[in-house]
Amino acid sequence: MAPVAIITGAAGLIGQYLVRSAPRWAPKWTVEGITRSQLDLTDQSSVSSTVHRYHPDLIIHCAALSRTKDCERDPESARRINVGATSLLSQLARDTRFIFLSSGEVFDGSTGWYDESAEPNPINVYGRTKLEAERAVLHNPAHTVVRIVLTAGSSDGGDRSFVEDMSRAAKAGKDVTLYADEFRCPLPAGVIARALWELAQQDAPGLYHLGGRERLSRWEIGEVLVPWYPELRGRLLRGSSRNHPGAPRPIDLSLACDKIQQRLSFPIPGFRSWLADRTHRGDDLWDYPAHDR
């Protein structure tokens, strides 16, 4: 009988890639993607009955309230979804392999190249809820937390990744301001999905960082994208995080990923090098093709 994996947040960016790529990277698994419309993760009794019905061998928990401004606007919802639902799932999966997708936003961004031993210090509601959820998950030594930072991808609705946000704004005739002094280590969603599937099929609990090998400013990321998204040409404005009007954002969230790299069968790419290696856009610029095994 095939092992069963539940993917929460299956309508989100990484959830979509996990479900879509499962036949490629986890062909022996039966994968059940669960979306918000199918299950309210804050409804304890519905969540409990769903987990018991599927009796999964693995849960990869991607669902979250992840947009910083939404978390700042409604911190109670952020805590209910990001902390409460995660804690509940972790408890229900006490004897099940469990992977929680967290964020580099648990750091304040003052130094960069954070490894797993770095001390978290979140500066916004989203980061604080993610850190609290991490601690609940890692209370079980058999469970796993993977922190990511910035994900590029193509979603079914065209509204799940930062690349899609930029493209949509440019196509609507709007300028896109990108900070030249805010740094991230972005990765394609297909790379994250492959890494998560590989990690899921190992006995490798604990805390991991997963980010691209290149530290790029938001402005540099935009410049790299222009050849692939021509609608961005002439629409990118160079800005500074010092003038950011919204919730606090960490300046540098580059992550050191040596620990997870030792677990993977492929090298984690950098964002610029990933695009440089693409000879054509293909079906999805951000997916990890099977022939690149």
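Predicted model only: the values in this text are computed from it and were never measured.

J.: Please explain the overall build of the protein as it appears in this structure.
T.: From N to C terminus, the protein includes 10 helices and 12 strands. A principal-axis box enclosing the C-alpha atoms of the protein has dimensions of 55 × 45 × 35 Å. Expressed as a percentage of contacts within the protein between residues at least 6 apart in sequence, the contacts between residues at least 24 apart total 81%. Carbon together with sulfur atoms contributes 47% to the accessible area of the protein, which is approximately 13300 Å² in total. For the protein, the distance from the average site of its 36 positive side-chain charges to the average site of its 36 negative ones is 2 Å.

J.: Teacher, can you tell me more about the packing of aromatic side chains here?
T.: Each aromatic ring pair is specified by the distance between its two centres and by the angle formed by the two planes. Applying the stated rule across the entire model yields 6 aromatic pairs. Judged by centre distance (6.4 Å) and plane angle (45°), the rings of Phe-162 and Phe-271 are tilted. Separated by 109 residues along the polypeptide, Phe-162 in helix α6 (residues 162–171) and Phe-271 in helix α10 (residues 271–277) bring together distant segments of the chain. Classification of Phe-271 as buried rests on a relative accessible area of 0%. Between Phe-271 and Trp-286, the aromatic rings sit 5.4 Å apart at their centres with planes inclined by 10°, giving stacked as the arrangement. With Phe-271 in helix α10 and Trp-286 in the segment after α10, the pair connects residues that are 15 residues apart, well separated along the chain. Assigned by exposure class, Phe-271 and Trp-286 land together as buried. Taken together, the aromatic side chains of Trp-25, Phe-266, Trp-274 and Tyr-288 make up a single cluster linked through ring pairs. Directly above the aromatic system of Tyr-17 lies the positively charged group of Arg-20, at a separation of 4.5 Å from the ring centroid. For the cation-ring pair, Arg-278 lies above Trp-274, with the distance from its terminal atom to the ring centre recorded as 3.9 Å.

J.: When you look at empty space enclosed by the protein in this model, what are you seeing that I'm missing?
T.: Sizing a probe to match a water molecule and rolling it over the atoms shows the empty space that remains. The full count for this structure, using the stated rule, is 1 cavity of 30 Å³ or more. The volume enclosed by the largest cavity comes to roughly 60 Å³. Ile-6, Thr-8, Ile-34, Leu-39, Leu-41, Val-47, Thr-50, Val-51, Ile-59 and Leu-89 together form the lining of the largest cavity. At the level of elements, β1 (4–8) and α2 (44–54) are the ones that each hand at least two residues to the lining of the largest cavity. At 3 residues, the largest contribution of residues to the lining of the largest cavity is made by α2. Of the residues assigned to the lining of the largest cavity, the class counts are 8 nonpolar, 2 polar and no charged.

J.: Help me understand unusual backbone geometry, please; the structure alone is not making it clear to me.
T.: Glycine aside, residues mostly have negative phi, and peptide bonds are mostly found in the trans state. Not every positive phi belongs to a glycine, and His-55 is a case in point at roughly 45°. By secondary structure assignment, the location of His-55 is in the loop between α2 and β3 (58–61). Looking at His-55, the relative accessible area reads 64%, which means it is exposed. The residue Trp-113 is not glycine, and still its phi comes out positive at about 50°. Within the secondary structure, Trp-113 is located in the loop between β4 (97–103) and α5 (125–138). Trp-113 sits in the partly exposed class, given a relative accessible area of 42%.

J.: Explanation requested: the pattern of salt bridges in the structure shown.
T.: Note on pairing: side chains with opposite charge can pair once their charged atoms come close. This structure, assessed with the given rule, holds 16 salt bridges. In this structure, Asp-70 and Arg-73 form a salt bridge, with 2.9 Å as the shortest nitrogen-oxygen distance. Separated by 3 residues within a single helix, Asp-70 and Arg-73 lie in helix α3 (residues 68–73), roughly one turn from each other. Of the residues examined, Asp-70 reaches a relative accessible area of 23% and is grouped as partly exposed. We note a salt bridge from Glu-182 to Arg-218, for which the minimum N-O separation is 2.8 Å. Here Glu-182 is found in the loop between β7 (176–179) and β8 (183–184), whereas its partner Arg-218 is found in helix α8 (residues 218–225), with 36 residues between them in sequence. Exposure class is identical for Glu-182 and Arg-218. Each is buried. Through salt bridges with shared partners, a single ionic network connects Glu-182, Arg-184, Arg-218 and Arg-249.

How each quantity is defined
- Residues numbered from 1 in each chain as written.
- Predicted model: local features only at pLDDT ≥ 70, side-chain atom pairs only at ≥ 80, totals over all residues.
- Heavy atoms only, no water.
- Helix = DSSP H or I, 4+ residues; strand = E, 2+ residues; numbered from the N terminus.
- Contact = heavy atoms within 4.5 Å.
- Areas by Shrake-Rupley, 256 points an atom, 1.4 Å probe, with all protein chains shown as cover.
- Lys, Arg positive; Asp, Glu negative; His and termini not counted.
- Charge placed at Lys NZ, Arg CZ, Asp CG, Glu CD.
- Phe/Tyr/Trp six-rings, centres within 6.5 Å; stacked < 30°, edge-to-face > 60°.
- Buried < 20%, exposed > 50% of the residue type's maximum accessible area, 1.4 Å probe, protein only.
- Lys NZ or Arg CZ within 6 Å of the ring centre and 35° of its normal.
- 1 Å grid on protein atoms, 1.4 Å probe; cavity = no way out; pocket = protein on both sides within 12 Å on 5 of 7 lines; lining within 4 Å.
- Points joined across faces, edges and corners; volume = space filled by probe spheres on them.
- Nonpolar A, V, L, I, M, F, W, Y, C, P; charged D, E, K, R; others polar.
- Salt bridge = Lys/Arg side-chain N within 4 Å of Asp/Glu carboxyl O.

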